[in-house]
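So the chains spell out like this:
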Amino acid sequence: AFSPASMLASSRALAAARPLALAASRLGSGTGPILYGRRRGFNVMPRPWSRNSGARALCAAVAGSDLEAKIKEQGDKVRDLKAGKAPKQEITAAVQVLLELKAEAEKATAPPQLEERAIADAPVRVSDFGPLALAEGRVKVHEIMGSSEDLLGKEVLVKGWCRTVRDQKAFSFIELNDGSLPSGIQIVALNSLATYGEVQKLSTGAALAVKGIVVESQGKGQKYEILASQVQLVGDCSGKDYPLQKKKHSLEFLRSIAHLRPRSNTFGSIARVRSALAQATHAFFEKQGFLYLQAPIITASDCEGAGEMFRVTTLPTDVNALKKTKTGQMDFSDDFFGKPAFLTVSGQLSGEAYACALGDIYTFGPTFRAENSQTTRHLAEFWMIEPEMAFADLAAVQANAEAYVKYVVNHVLQSCPQDMQFFNDMYDKTLLERLKALVDTPFARVTYHDAILLLQTEISKDRSKWQFPDVVFGTDLSTEHERWLAETKFSAPTFVYNYPRGIKSFYMRDNDDGKTVAATDLLVPGIGELVGGSQREERMDVLCSKLKEFGLSEEDYWWYLDLRRYGSTPHAGYGLGFERLVCYVTATENIRDAIAFPRYPGSAEF
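Quick notes on the rules
Residue numbers run consecutively from 1 along every chain, following the written order of its sequence. Reporting in this predicted model follows two pLDDT cut-offs: at least 70 for local features of residues, and 80 or more for side-chain atom pairs to be given and counted; totals over whole chains, interfaces and linings ignore these cut-offs and use all residues. Think of the side-chain values as coming from all heavy atoms in the structure, minus any hydrogens and water. The secondary structure listing takes helices from DSSP runs of H or I that are at least 4 residues long and strands from runs of E that are at least 2 residues long, numbered from the N terminus. The length a helix should cover is 1.5 Å for every residue beyond the first. Paired strands, in this sense, are two strands between which DSSP finds at least two bridges. All axes are obtained by fitting lines to C-alpha atoms, using only the stretch in contact for helices, and the reported angles, taken between N-to-C directions, cover 0 to 180 degrees. The contact criterion used is simple: two residues touch if any of their non-hydrogen atoms lie within 4.5 Å. Salt bridge, as applied in this entry: a Lys or Arg side-chain nitrogen positioned within 4 Å of an Asp or Glu carboxyl oxygen. Exposure is judged per residue with a 1.4 Å probe applied to protein chains only, and the accessible area is read against the type maximum: over 50% gives exposed, under 20% gives buried, and values in between give partly exposed.

## Quick word on helix α7 (residues 265–287)
And then number 1: An ideal rise of 1.5 Å per residue puts 33 Å on 23 residues; α7 measures up with 33 Å between its terminal C-alpha atoms.
And then number 2: Downstream of α7 by one or two residues, G289 has phi in the positive range, about 85°.

## Quick notes on the sheet that holds strand β15 (residues 444–447)
And then number 1: In spatial order, the strands read β9-β13-β14-β19-β18-β17-β16-β15; together these eight strands make up an open sheet with mixed pairing. Taken across any chain shown, the strands that pair with only one partner, and hence form the sheet edges, are β9 (291–293) and β15. On average, each strand axis in the sheet is inclined to that of its neighbour by 20°, with strand direction left out of account.
And then number 2: Relative to strand β14 (residues 381–390), strand β13 (residues 360–368) runs antiparallel, the two being bridged by nine bridges. Looking across to β14, one finds that T363 is bridged to E386.
And then number 3: Set on the sheet, helix α8 (residues 348–358) makes contact with β9, β13, β14 and β19 (571–577); between it and β14 the angle comes to about 25°.
And then number 4: In the packing of helix α12 (residues 448–459) onto the sheet, contacts are made with β15 and β16 (494–500), and the angle to β15 comes to roughly 90°.

## Concerning the sheet that holds strand β10 (residues 298–299)
And then number 1: Reading across from one edge, β10-β12-β11 is the order of the three strands in this open sheet, with antiparallel pairing throughout. At either end of the open sheet lies a strand with only one pairing partner, and these are β10 and β11 (311–312).
And then number 2: Relative to strand β12 (residues 341–343), β11 runs antiparallel, the two being bridged by two bridges. Paired with R311 across the bridge in β12 is F342.

## So, the pattern of salt bridges
And then number 1: Inspection of the entire model under this criterion finds 23 salt bridges.
And then number 2: We note a salt bridge from D521 to K504, for which the minimum N-O separation is 3.3 Å. Of this pair, D521 sits in strand β17 (residues 516–524) while K504 is found in the loop between β16 and β17, placing the two residues 17 residues apart along the sequence.
And then number 3: According to the relative accessible area criterion, D521 is buried, its value standing at 6%.
And then number 4: Between E537 and R539 there is a salt bridge whose closest N-O contact spans 2.7 Å.
And then number 5: A relative accessible area of 0% places E537 in the buried class.
And then number 6: Look at R539 and you get partly exposed, because its relative accessible area is 26%.

Given below as structure tokens:
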């Protein structure tokens with residue numbers, strides 16, 4: 001057993017030994033210096049794994065002499081029977097006994113067989129992981145590293161996954177990461193530990209639990225490390241085919257193993273930032289007095305009027321068995337809902353119903369778009385944040401959206417500093433500067449009409465620099481147009497508003513000029529459009545005429561029209577694509593990396 005005093009004494013002795021260990025490690029081969037000795041990773045073949053190898057060797061030693069005597073005795077008997085010309089049946093039976101004895105001897109002395117491998121060559125883990133794995137009192141690494149109190153000498157229990165193991169004659173270093181920070185905490189395990197055999201089984205990816213005392217770290221980059229008093233291997237990962245080797249992997253490769261990629265530095269940080277953004281979203285709207293609405297995922301309405309929706313049906317898959325109407329169309333009367341149903345593209349229409357009764361609400365949930373797009377900006381399944389405000393106009397939308405974006409970005413900068421520093425160092429050296437400027441700088445505002453004039457003037461200087469140089473009133477702005485406005489012209493997040501009615505949705509309120517609608521998009525540097533919003537059309541007659549104009553049936557939207565029949569009020573709202581926000585904040589270029597398991601044309605893995 002280790003007392004805190006004896007362990008602290010050991011840590012001091014270890015600190016004195018470290019310079020010698022470092023010097024010795026640099027005398028290795030020409031493949032480069034190895035810190036503190038031999039590193040155990042995937043460049044080393046794993047040890048054969050068998051929990052019964054020791055028992056088998058012992059049985060072989062004990063039973064070997066007895067088997068040899070029996071084999072000799074039976075062999076003499078066979079020879080005597082043959083010499084005496086005994087009956088053939090008797091000789092055959094004696095030979096069979098001899099063969100069985102020899103087979104038993106070979107089995108006893110044979111090398112241990114490897115256990116069955118479940119994935120690649122990884123062993124099947126038996127549930128014999130001991131008491132530490134489920135022991136209470138676990139402390140997260142971020143709690144240790146971020147603690148304001150002095151933790152030196154305090155006993156802690158940490159659990160996580162092994163990133164690296166470095167062996168020396170007298171001790172080993174283990175980097176344990178539990179997912180709470182990009183970096184882990186260093187564990188120092190002396191070879192005098194009763195559980196040091198567990199340390200020798202560790203490899204990258206293995207799950208482990210460690211009990212020990214917090215000591216001052218002798219290395220650079222962290223304040224504390226843990227001097228182990230007990231190490232427990234919880235989940236083995238000795239398979240040489242484990243995909244996440246200790247090296248840099250491309251994002252394309254990591255997408256092919258989406259179930260394992262959160263163990264990488266990049267996707268671990270993306271997951272923590274995404275979580276922080278989601279928590280900040282709820283906190284912001286709660287402080288603003290909004291109610292959280294869970295809008296339905298299955299709908300019979302096409303909110304955007306684009307027709308790119310996933311159908312939900314229980315009709316038979318055999319095309320010949322499908323009923324048809326007199327006009328040759330599919331008959332949905334026998335379907336689950338008795339009518340065509342789809343996965344929603346937006347929770348907005350449901351949000352409007354509740355905003356017209358409760359004041360201010362917001363939805364935050366998954367939405368779906370059956371758009372056959374393979375670009376880095378589109379997903380088939382994505383999350384939307386959609387606030388709706390009663391007694392509000394377009395100016396209220398812009399004010400709320402600006403306050404929201406600043407709030408959540410500032411929250412991430414404050415709560416995820418290590419993750420944000422990682423993105424700044426590894427992906428975009430200007431990221432932190434850009435995000436801090438967003439929080440501190442007022443957003444710009446420009447009408448669509450004026451934005452077109454600005455673009456036309458800029459494009460006329462050199463049309464060859466633009467992929468889409470033809471820009472006129474009515475043009476749906478492309479990403480290069482949006483980014484030029486936000487990054488070059490205004491050098492700030494920019495609201496473009498009052499768009500032509502012909503390129504916007506049916507529910508947006510017509511302006512008095514008859515040409516534009518009260519709609520706005522928020523364009524941000526580095527990504528383009530982040531927010532799209534509008535004042536909703538509250539006038540019954542105008543809305544009915546627009547439904548006809550867009551080829552939509554009043555019958556399908558009867559309940560939406562009721563909101564205009566009974567106590568109609570000016571109201572407005574906006575939608576923000578959550579994955580685009582994650583991309584913007586983390587400098588992630590491909591939106592497929594901003595969600596845990598991306599869905600896009602041709603891919604629905606995991």
